[in-house]
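Residues per chain, in single letters:
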Amino acid sequence: TISSVNTASGTNRHIDFFHQASTTRVGSIQTSSSATAYNTSSDYRLKENEVEISDGIDRVKQLKPYKFNWKNRPGIIVDGFFAHEVENIVEDCVLGEKDGEEYQQMDHSKLVPLLVAAVKQLITKVEMLEAA
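Owing to the predicted nature of the structure, the values given are computational and were not obtained by experimental measurement. (Residues numbered from 1 in each chain as written. Predicted model: local features only at pLDDT ≥ 70, side-chain atom pairs only at ≥ 80, totals over all residues. Heavy atoms only, no water.)

Student: Describe the side chain of Thr31, and please don't skip the residues or the numbers.
Tutor: As for its placement among the helices and strands, Thr31 is situated in strand β3 (residues 25–31). Only 2.7 Å separates the side chain of Thr31 from the side chain of His14, close enough to count as a polar contact. When near neighbours in sequence (up to four residues on either side) are disregarded, Thr31 contacts Thr11, Asn12, His14 and Thr36. (Helix = DSSP H or I, 4+ residues; strand = E, 2+ residues; numbered from the N terminus. Polar contact = N/O pair within 3.5 Å; in protein donor to acceptor, adjacent residues only side chain to side chain. Contact = heavy atoms within 4.5 Å.)

Below you can see the structure in the form of structure tokens.
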């Protein structure tokens, strides 16, 4: 649903995304006077079988970030990943198949939980070394 709704917090919700089989909102795009937020469902009531990420460092070490330019913007260097190299490390962040009919897409925000887990593991290691 595309709409522009003023919310009580002073933000404007412009696009709402709903589950196909219900009227449950599963995401939205909203703006304030200074920012845009891309929201997705994260409510605990939608989740089950949760287990803390214990292999954060190992999986982050498998990621291969690159500096590159897009073919249509040769003078601009950016940082990023190749989707096909990430799909087996963080499966739900890549859409499409390598060399498929359509280009692969990647939701970089899905890397955040893995990165936070790795940072927490590193903090624990540093604290243990400092305490020794």
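Student: Kindly report on the pairing of strand β2 (residues 12–18), identifying the contributing residues and their values.
Tutor: As paired strands, β2 and β3 are joined by six bridges and run antiparallel to one another. Paired with Asn12 across the bridge in β3 is Thr31. In this antiparallel pair of consecutive strands, β2 and β3, the connection spans six residues. (Pairing = 2+ DSSP bridges.)

Student: Can you break down the pairing of β3 residue by residue, with the values?
Tutor: Where β3 meets strand β4 (residues 36–40), five bridges bridge the pair, whose relative direction is antiparallel. By the bridge assignment for β4, Ser28 is matched with Asn39. Here β3 folds back onto β4 in antiparallel fashion, the turn holding four residues.

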